[in-house]
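Residue-level structural notes
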Protein chains: 2
Amino acid sequence: MNILIIGGDGYLGWPQSMYLSKQGHRVCIVDNLARRAWDLGCGTSSLTPIWMLPERVALWKDLTGGVIEAVVGDILDYDFLAEVMSRFSPDAIVHFGEQRSAPYSMIDREHAVQTQTNNVVGTLNLLYATKEFCPDAHLVKLGTMGEYGTPNIDIEEGFIEITHNGRKDVLPYPKQPGSFYHLSKVHDSHNIMFACKTWGIRSTDLNQGIVYGVKTAETALHDGLATRFDYDGVWGTVLNRYCVEAAIGRPLTVYGEGGQTRGFLDIRDTLRCIELAILKPPRAGEYRVFNQFTEQFSILDLAHLVQRIGAHKDLDVTVDHLPDPRVEQEHHYYLARHTKLLDLGLVPHNLSDVLLDSIMDVVIRCRERVIEETLLPQVNWRSTRNPSSYSKSGSPSAEPIEMELQAAHKAATR
Amino acid sequence: MNILIIGGDGYLGWPQSMYLSKQGHRVCIVDNLARRAWDLGCGTSSLTPIWMLPERVALWKDLTGGVIEAVVGDILDYDFLAEVMSRFSPDAIVHFGEQRSAPYSMIDREHAVQTQTNNVVGTLNLLYATKEFCPDAHLVKLGTMGEYGTPNIDIEEGFIEITHNGRKDVLPYPKQPGSFYHLSKVHDSHNIMFACKTWGIRSTDLNQGIVYGVKTAETALHDGLATRFDYDGVWGTVLNRYCVEAAIGRPLTVYGEGGQTRGFLDIRDTLRCIELAILKPPRAGEYRVFNQFTEQFSILDLAHLVQRIGAHKDLDVTVDHLPDPRVEQEHHYYLARHTKLLDLGLVPHNLSDVLLDSIMDVVIRCRERVIEETLLPQVNWRSTRNPSSYSKSGSPSAEPIEMELQAAHKAATR
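Residues numbered from 1 in each chain as written. Chains lettered and ligands numbered in written order. Predicted model: local features only at pLDDT ≥ 70, side-chain atom pairs only at ≥ 80, totals over all residues.

Things to note about the overall build of chain A
Across its full length, chain A carries 13 helices and 14 strands. Against the compact-globule benchmark of 22 Å for 414 residues, chain A has a radius of gyration of 21 Å, which places it among compact chains. Along the first, second and third principal axes, the C-alpha set of chain A runs to 65 × 55 × 50 Å. Of all 414 residues assigned to chain A, the portion counted as buried reaches 55%. In chain A, 82% of the contacts between residues at least 6 apart in sequence involve partners at least 24 apart. (Helix = DSSP H or I, 4+ residues; strand = E, 2+ residues; numbered from the N terminus. Rg over C-alpha atoms; globule rule 2.2 N^0.38 Å. Buried ≥ 20, exposed ≤ 12 C-beta atoms within 10 Å, placed from the backbone. Contact = placed C-beta atoms within 7 Å.)

Dropping the structure here:
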């Protein structure tokens, strides 16, 4: 199959591209390299050193003979996207190309607007380009489990049957997202559902949990094929941050009481889930939703897991409870359905001591690259800022986070 | 109270501004006059002649002594918005300032993107400016009944109690909007709900039905205070279009079989509903939703009403069924709750023969201004276009609708 990977330079996009190339598909990466610019702006950086995209693509070819095309450009530029879609004729389009950090979207108004504009308009462009150039192609869109929030009833996969005043219907599952980033994915979901119904195109929306791990059969071939490992307060996910904190002898930073429960999955399961979705596309006009995670943990559960593994490695790991920078429930009911991908054949890799041990090894090997100042939360949901020449205090505009983080970065690398 | 009316130059914003000014409130209009530009682009025009905003504001002062401030500017420009909000210090902000035509949003990709960007970013800016400059102010946001679509169960006011697998929660009512415009309102609703919860600001989301009528106590004072009357295929609502068709001796254009059922209300009830919402604001942090309509009709019911009134006026009114340019159910269950505004004291003006008769009189008086070519649907949901230099046929880009409509306009006015 011809498979277009939007955002193929990123944490998941790159391993996904290699994985599908290895299965014999023709893979083309599209990426605007925005994340690299955002990293510079935030003073953050992958723990693992990352080769530039053309070098990785060349290395992949040297090592395996596999050809991955790579095009640098922005899907917000419709003429660019139209050219790629009409030339490459994808059978499937995997869309990783969104701003995907909740804290980044909550820095201030500009970052909120940037996140929603980038994500919503990018997906609108993909929908129009699919309709125009490859109406039979299958759009595989990365959503997030965070679209659902934490309702007091079981979370279903995209839709729920509701009986109300004696009548019944199957309706989109109600959404209660918790950041402007998560909101952008809810907006996408509604737009995609409408486009499928109206134009007869087909899409799978993968409401993904939090992914952990960096090692796949393909990244393991050579250090130069490594994918990024984010651990900081803006881009890092909770388990990665804990591992880094443990490795450098700092307390684990649990936000609030730590009862926040979320779905998680191994990076290898992400790759397989997307392959499964591609191999069994929806019918024309169908919009389907899979919940893409394998296990659920509270963030305090994960802290205790990391403490236990740390003990094996003679690390003295303590746990700190910080005031939660987010607005979210610290204790809540959580039960989310996730059977549709299992039905398609997914065999999950569960989070084991062995796996966590191997992640810790990666982290310990790279620990001199940690930028400590970026570990603590930089962004508070309640005080998200509005840099403006009309700020209430009459004082000059608040410095955007970029400035502060760059200063922290400089201090750290001095 | 200090009341800011965003979009105060428009069909509802203008009468609302006069109405609230008359009640003794301090009213400030903000408008970017975008609709006037879009009219030029589409070759459409109000049936009723409309004075320019500064002339109307001056006339209002001459006639009543009431002072309405008017500021021309775009809320997408945050510095402009910040200046207005900090200077005027509103107690309530009524947000009419969105692109509000479903067909316009479905013209092509550019109009879809423009609609969603304008509406979503405008509302995001208002939320941030409210948080920053007047966190106690009440944001009264115009939503639409079209956010709900046509589910097979009763439509509630914003939220629904769901019992599922033995557990219970009150959750946002599932949304199934039917155009990129309606989708933009759903996106707004999600963003506003989040901002209220996260920042403690307060908002009322008014999911309004289709408004008819142009005569209010204030517009009736002088022809120069008239508000616009849209009847064309892009901006006109169904009842207005029928009245114009009847007045010029053309068949009424029913889309499809005509079983599409929607909520409707008299323009005077809109003014009163918004006043009621302002007088009884939600508590800090509360996001509440009212369904703002008074009666429901199918579009075929309305055609028959217009036929009956036409007969009184010796007009021979026939009914044509056009292929539905939209993707929607032509027969469906529809029962939508709308009790919250009645509980606050609304006394509805129902659609009566007398009222319809008075609308017909306005239309007949202005019928030489009708641009006939704009009556038929110009935009098809299924074939929404993608002007692009890479269009599939290899032929030059499709002409945007603006060009065609301008040509039609020229032909009509020759």
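A few points about the interface of chain A and chain B
The interface is formed by 50 residues belonging to chain A together with 50 residues belonging to chain B. Every element with two or more residues in the side of chain A that touches chain B is listed here: helix H4 (78-88), helix H6 (109-133), strand E6 (159-164), strand E7 (167-172) and helix H7 (180-199) of chain A. By residue number, the principal contributor to the side of chain A that touches chain B is H6(A), which donates 11 residues. Here the residues of the side of chain A that touches chain B are counted per class, giving 24 nonpolar, 14 polar and 12 charged. (Nonpolar A, V, L, I, M, F, W, Y, C, P; charged D, E, K, R; others polar.)

Points about the sheet that holds strand E13 (residues 295-298) of chain A
Residue and element names in this part refer to chain A. The strand order across the open sheet formed by three strands is E9-E11-E13, and the pairing between neighbours is mixed. Each edge of the open sheet is held by one strand with a lone partner, namely strand E9 (210-212) and E13. Between one strand axis and the next, the sheet turns by 45° as a mean value, whatever way the strands run. For E9 and strand E11 (residues 261-266), the ladder comprises three bridges, and the chain directions are parallel. Bridging from a neighbouring strand, Tyr212 pairs with Asp266 of E11. Here helix H9 (residues 267-279) sits on the sheet in contact with E9 and E11, set at roughly 80° to E11. (Pairing = 2+ DSSP bridges. Axes fitted to C-alpha atoms, helices over the stretch in contact; angles between N-to-C directions.)

Details of the relation of the copies chain A and chain B
Mapping chain A onto chain B leaves a residual RMSD of 0.0 Å; the transformation is a rotation of 180° accompanied by 0.0 Å of translation along its axis. Read as a symmetry element, the transformation amounts to a two-fold axis. Most of the interface of chain A is mirrored in chain B: 100% of its interface residues are interface residues there too. (Least-squares fit on C-alpha atoms with pLDDT ≥ 70 in both.)

Looking at helix H3 (residues 53-64) of chain B
All names here are of chain B. Over its 12 residues, H3 extends 16 Å from the first C-alpha to the last, a length consistent with the 16 Å expected when each residue adds 1.5 Å. Three or more residues of H3 are buried, namely Arg56, Val57 and Trp60. Seen end-on, H3 carries its buried residues on one side only, within an arc spanning 100°. Along H3, exposed side chains directed more than 90 degrees from the buried face belong to Pro54, Glu55 and Asp62. Buried residues belonging to H3 abut helix H1 (13-22) and strand E3 (68-72). (Expected span 1.5 Å × (residues − 1). Arc of directions from axis to C-beta.)

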